[in-house]
Amino acid sequence: MRKRDWQLWFFPVMTLLILVSIYFQNQATLNNRDSLTYTYLLNAVQGRLGYGAVGNYGNMIDLQDLEPGDILLGGYPECAYGRFSHAGIYIGDGQVIEGYVDLGITQQPVEHYWTYSEICLLKVKATPAQKQAAIDYARSHLGKLFYPVAFRPGERIWNCTKIVWEAYRQQDINLESNGDIWISPDDFYDSPWVQVIREKSI
Amino acid sequence: MKTIARLYFIHIFAWLAVWLATYYPGLDIVLAVLYLLIITMQIRSLGGETKCRAIKVFLIWQAPGIVFSLISLLPWSWWGIKEYAFFLLMFWYTPVVPLLSLLQWVVAGYPIYYYLLLAMPLIYGLIFMVLTRIKQPVLSSSRIRYLR
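Residues numbered from 1 in each chain as written. Chains lettered and ligands numbered in written order. Predicted model: local features only at pLDDT ≥ 70, side-chain atom pairs only at ≥ 80, totals over all residues. Heavy atoms only, no water.

Here we take up the domain arrangement of chain A. By the assigned domains, chain A splits into domain 1 (1–25) and domain 2 (71–201). Between domain 1 of chain A and domain 2 of chain A, the C-alpha centre-to-centre distance is 34 Å. (Domains from an automatic or database assignment.)

Right, let's get into the packing of helix α1 (residues 5–25) of chain A against helix α1 (residues 2–21) of chain B. In contact at an axis separation of 8 Å, α1 of chain A and α1 of chain B are set at 25° when each is read in the N-to-C sense. It follows from the interaxial angle that α1 of chain A and α1 of chain B lie roughly parallel. The two elements α1 of chain A and α1 of chain B meet at a crossing, and its hand is left-handed. Between α1 of chain A and α1 of chain B, the contacting residues are D5, Q7, L8, W9, F11, P12, M14, T15, I18, L19 and I22 of chain A on the first element and R6, F9, I10, F13, A14, L16, A17, L20 and A21 of chain B on the second. (Axes fitted to C-alpha atoms, helices over the stretch in contact; angles between N-to-C directions. Helix = DSSP H or I, 4+ residues; strand = E, 2+ residues; numbered from the N terminus. Parallel < 35°, antiparallel > 145°, perpendicular 65-115°, else oblique. Left-handed = near helix turned anticlockwise from the far one by under 90°. Contact = heavy atoms within 4.5 Å.)

All right, on to the interface of chain B and chain A then. The figure often quoted for interface size is the accessible area lost as the parts come together. Facing the 46 residues of chain B at the interface are 41 residues of chain A. Summed over both sides, the interface of chain B with chain A buries roughly 4000 Å², with 70% coming from carbon and sulfur. The interface formed by chain B and chain A holds one salt bridge in total. Here R156 of chain A and D28 of chain B are joined by a salt bridge, their closest N and O atoms 2.8 Å apart. Linking chain B to chain A there are 15 residue pairs in polar contact (both at pLDDT 80 or more). Residue assignment for the side of chain B that touches chain A shows that the elements contributing at least two residues are α1, α2 (27–44), α5 (81–92), α6 (97–100), β2 (110–111) and α7 (112–118) of chain B. (Buried area = accessible area lost by both parts, 1.4 Å probe. Salt bridge = Lys/Arg side-chain N within 4 Å of Asp/Glu carboxyl O. Polar contact = N/O pair within 3.5 Å; in protein donor to acceptor, adjacent residues only side chain to side chain.)

Okay, structure coming up:
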């Protein structure tokens, strides 16, 4: 073997080893046809890769009675991850903590949720102290890196759903019960820990 | 052509390996450092090439990063092309994402990694320029004679 050949084959070998390791650790989940991984792959085959047809759908859902700790879900048509593509945690005063690829974990005005064609407001079955601790956790991560396909483990690489999930998981509230390798906004919608305040489809 | 193919091959598989390694926090950082090391060795081996050929290799190798970065910097966006370009820019530079994830500063509303990703073709360019200018150790003629 030539001297520089190891440099060429190092990453393909690592890719294979890690792939096999992840597969064997999550065999049951990855073989489940309802899993997010399966949904991703199925949608990718059908040409749906991203967060769908972005636009200003003007759902004008009532945001007046949102309370700190509530979760907002938004989605566009043709989304690859399910009905919803985005999530955020309401922190009060018309502000929400969420994640974007260019802004990282960020604090934004809540009104932009009116642009989605699918919108849902969720109340988490938690005490006010747990909700405040979840908000504080999310706030302490402002400016952290957003990566669209962030896996569930780790506290350096985030996406909009993972930060909300982890903020509540730190308070012993697991909003995702499938044990998948990543979290999707639809997991929150299906969680027994939440109740729907209101939802709308355009 | 062979050098460019080699760099693309390493970069694309590093992309996959580093992304998958983020499942095991810590391993992703190790692989990102190893990626930089391997790329450094690959670029250093280009030291003997002419300046013109080295620039050509760099531009072709980093063409996706340069294009996505330039589109992300456009002042306007058609059909969300700017947002998609930044997504793709981040995917292209996945091998260094674990290192960027160690930074948590916000400057003028944007996280520091945003600026670093936009500047990444320039950073790669500077590293490439410096590494190709470093002379490779050459054997003296007497040593070559001895080896013969």
